[in-house]
Amino acid sequence: MSSIPFKTSYRVENIVATVILEHDLDLELIETRIPSITYKPDQFPGLIFRLDKPRATALVFKSGKMVVTGTKSTQQLVEAVKKIIKTFVKNGVNVHGRPRVQIQNIVAGGDIHAYVNLEKAAYHLEDSMYEPEQFPGLIHRMRDPRVVLLIFSSGKMVITGAKEEVEVERAVNNIARQLYKAGCIVGPRLGEEE
């Protein structure tokens, strides 16, 4: 693994996860017991449960399945799920068994702190698409880890499709190495020279 002469960074922006309880939930009961919940079954079959700390939103369905979104780390996700379950139990909603939590998608921002020649990158990177008339970024489907990166000429990028936070870091470092090795790095951004 060769090193690169510039730094990389990333920040998780959103985690989407499913949570499965082993039983059905009475959404009408939950709505009457927890005032901060939004439930309009004529518009949407689930109820919406918003948390302030950690900041997250859960879509809760009668089947006992939930979609939790908005957290920025796995730790925050676990805290949010625990808080939702505790709130249910505290308000007389029967919850038994251990919830199964599965991350479906992590969206993150990445940065290699250097300019990238996207034309050259599109030529050298397999599974890439670059059509600047359509979209200003290069779309790269990375195989390991299995993620999609939107790479911009500024060296900034959006990473999506990761299932673990460590995959985001690996993806940013992998793409930085590939771009450097292929000679696609134009140079450091102004004020970021080492």
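Conventions and cut-offs
- Residues numbered from 1 in each chain as written.
- Predicted model: local features only at pLDDT ≥ 70, side-chain atom pairs only at ≥ 80, totals over all residues.
- Heavy atoms only, no water.
- Helix = DSSP H or I, 4+ residues; strand = E, 2+ residues; numbered from the N terminus.
- Buried < 20%, exposed > 50% of the residue type's maximum accessible area, 1.4 Å probe, protein only.
- Contact = heavy atoms within 4.5 Å.
- Domains from an automatic or database assignment.
- Salt bridge = Lys/Arg side-chain N within 4 Å of Asp/Glu carboxyl O.

Draft legend 1. Structural detail: the environment of L25. Along the chain, L25 turns up in the loop between β1 (9-20) and α1 (27-33). Classification of L25 as buried rests on a relative accessible area of 4%. Linking L25 and V148, residues 123 residues apart in sequence, is a C-alpha distance of 36 Å. Those residues in contact with L25 that sit more than four places away from it in its chain are I30, V60, F61, K62, G64, F88, V93 and N94.

Draft legend 2. Here's a closer look at the environment of I48. As for its position among the elements, I48 is in strand β3 (residues 47-51). Sequence separation between I48 and L59 is 11 residues, and the spatial gap between their C-alpha atoms is 4.9 Å. When near neighbours in sequence (up to four residues on either side) are disregarded, I48 contacts I37, T38, T57, A58 and L59.

Draft legend 3. Expanded view of the domain arrangement of the chain. In terms of domains, the chain is made up of domain 1 (22-98) and domain 2 (106-188). Centre-to-centre, using C-alpha coordinates, domain 1 lies 36 Å away from domain 2.

Draft legend 4. Spatial organisation of the pattern of salt bridges. Tallied over the full model, the rule gives 6 salt bridges. With a closest N to O distance of 3.0 Å, R11 and E13 form a salt bridge. Put simply, E13 and K72 hold a salt bridge, and the shortest N to O gap is 3.4 Å. One end of the pair, E13, is in strand β1; the other, K72, is in the loop between β5 (65-71) and α2 (74-90), with 59 residues separating them in the sequence. Given a relative accessible area of 29%, E13 falls into the partly exposed group.

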